[in-house]
Amino acid sequence: QVQLVESGGGSVQAGGSLRLSCSVSGYTGRSMCMGWFRQAPGKEREGVATIYTGTSGTTWHADSVRGRFTISQDNTKNTVYLQMNSLEPEDTAMYYCAATGDLTYNGCAVYRFEARRYRYWGQGTQVTVSS
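Residues numbered from 1 in each chain as written. Predicted model: local features only at pLDDT ≥ 70, side-chain atom pairs only at ≥ 80, totals over all residues. Heavy atoms only, no water.

Draft legend 1. Quick peek at the pattern of salt bridges. Taken as a whole, this structure holds six salt bridges when the rule is applied. The salt bridge partner of Glu-114 is Arg-116, with a shortest N-O separation of 3.3 Å. For Glu-114, a relative accessible area of 29% corresponds to the partly exposed category. Among the residues examined, Arg-116 registers a relative accessible area of 68% and is labelled exposed. Look at the salt bridges and you will find they share partners, linking Arg-38, Glu-46, Arg-68, Glu-88 and Asp-91 into a network. (Salt bridge = Lys/Arg side-chain N within 4 Å of Asp/Glu carboxyl O. Buried < 20%, exposed > 50% of the residue type's maximum accessible area, 1.4 Å probe, protein only.)

Shown next as structure tokens:
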């Protein structure tokens, strides 16, 4: 059903910026809970930012990235973005786009950063930040 494809990763120096894109297919025309997650070697997958797509457009950002990262959507292009500014070496990780496929707005708010509640995942895009 839902297919997600990430792009935009790369290598940057500390303080630089990147914009990740997640193209969505197979499950359009309705609001859904979508998030960006990241996982560094030896660490658990953690939520970065989440958006309830559609007219609501409500977003949530993890404390570690608030003020630096911004999740957004372009409904006309069925795409979700993650603008990453002021990147730090600690941001180095594989970044994944994910969608729950079943949560309402309230459910999205509650489980926004819980990876186990997201059913659909992209292949990941690597972000490397050097000091």
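Draft legend 2. Geometry of the state of the cysteines. Counted by the stated rule, this structure contains two disulfides. Between the sulfur of Cys-22 and that of Cys-97 lies a disulfide, 2.1 Å long from S to S. Between Cys-22 and Cys-97, the disulfide has an S-S torsion of -80° and is therefore left-handed. Separated by 75 residues along the polypeptide, Cys-22 in strand E3 (residues 18-25) and Cys-97 in strand E9 (residues 93-99) bring together distant segments of the chain. Like Cys-22, the residue Cys-97 is buried in the burial classification. Sequence-ordered numbering of the bonded cysteines in the protein chain gives a pairing of 1-3, 2-4. (Disulfide = S-S within 2.5 Å. Helix = DSSP H or I, 4+ residues; strand = E, 2+ residues; numbered from the N terminus.)

Draft legend 3. Structural view of the side chain of Arg-68. Relative to the helices and strands, Arg-68 resides in the loop between strand E6 (59-61) and strand E7 (69-74). Only 3.0 Å separates the side chain of Arg-68 from the backbone oxygen of Ser-86, close enough to count as a polar contact. Excluding residues within four positions of it along the chain, Arg-68 makes contact with Gln-83, Met-84, Asn-85, Ser-86, Leu-87, Glu-88 and Asp-91. (Polar contact = N/O pair within 3.5 Å; in protein donor to acceptor, adjacent residues only side chain to side chain. Contact = heavy atoms within 4.5 Å.)

Draft legend 4. Broad picture of the pairing of strand E11 (residues 125-130). Of the two faces of E11, only the one carrying Thr-125, Val-127 and Val-129 is buried; Gln-126, Thr-128 and Ser-130 on the other face are not. With four bridges connecting them, strand E2 (residues 10-13) and E11 associate as parallel partners. Across the sheet, residue Gly-10 finds its bridge partner in E11, namely Val-127. Bridge count between E9 and E11: three bridges; the pairing is antiparallel. If you follow Met-94 over to E11, its bridge partner there is Gln-126. (Pairing = 2+ DSSP bridges.)

Draft legend 5. Quick peek at the sheet that holds E3. Spatial ordering of the open sheet is given by E1-E3-E8-E7, a layout of four strands whose pairing is antiparallel. Unpaired on one side and paired on the other, strand E1 (3-7) and E7 mark the two borders of the sheet. Pairs of neighbouring strands in the sheet enclose a mean axial angle of 20°, with direction left out of account. (Axes fitted to C-alpha atoms, helices over the stretch in contact; angles between N-to-C directions.)

Draft legend 6. Local environment of the packing of aromatic side chains. Applying the stated criterion to the full structure yields six aromatic pairs. A ring pair is formed by Phe-37 and Tyr-118, whose centres lie 4.8 Å apart and whose planes are at 75°; its orientation type is edge-to-face. Separated by 81 residues along the polypeptide, Phe-37 in strand E4 (residues 33-39) and Tyr-118 in the loop between helix H1 (105-111) and strand E10 (120-121) bring together distant segments of the chain. Of the residues examined, Phe-37 reaches a relative accessible area of 0% and is grouped as buried. Here Tyr-96 and Trp-121 contribute two aromatic rings whose centre-to-centre distance is 6.3 Å and whose plane-to-plane angle is 80°, an arrangement assigned as edge-to-face. Taken as a pair, Tyr-96 in strand E9 and Trp-121 in strand E10 lie far apart in primary sequence, 25 residues in all. (Phe/Tyr/Trp six-rings, centres within 6.5 Å; stacked < 30°, edge-to-face > 60°.)

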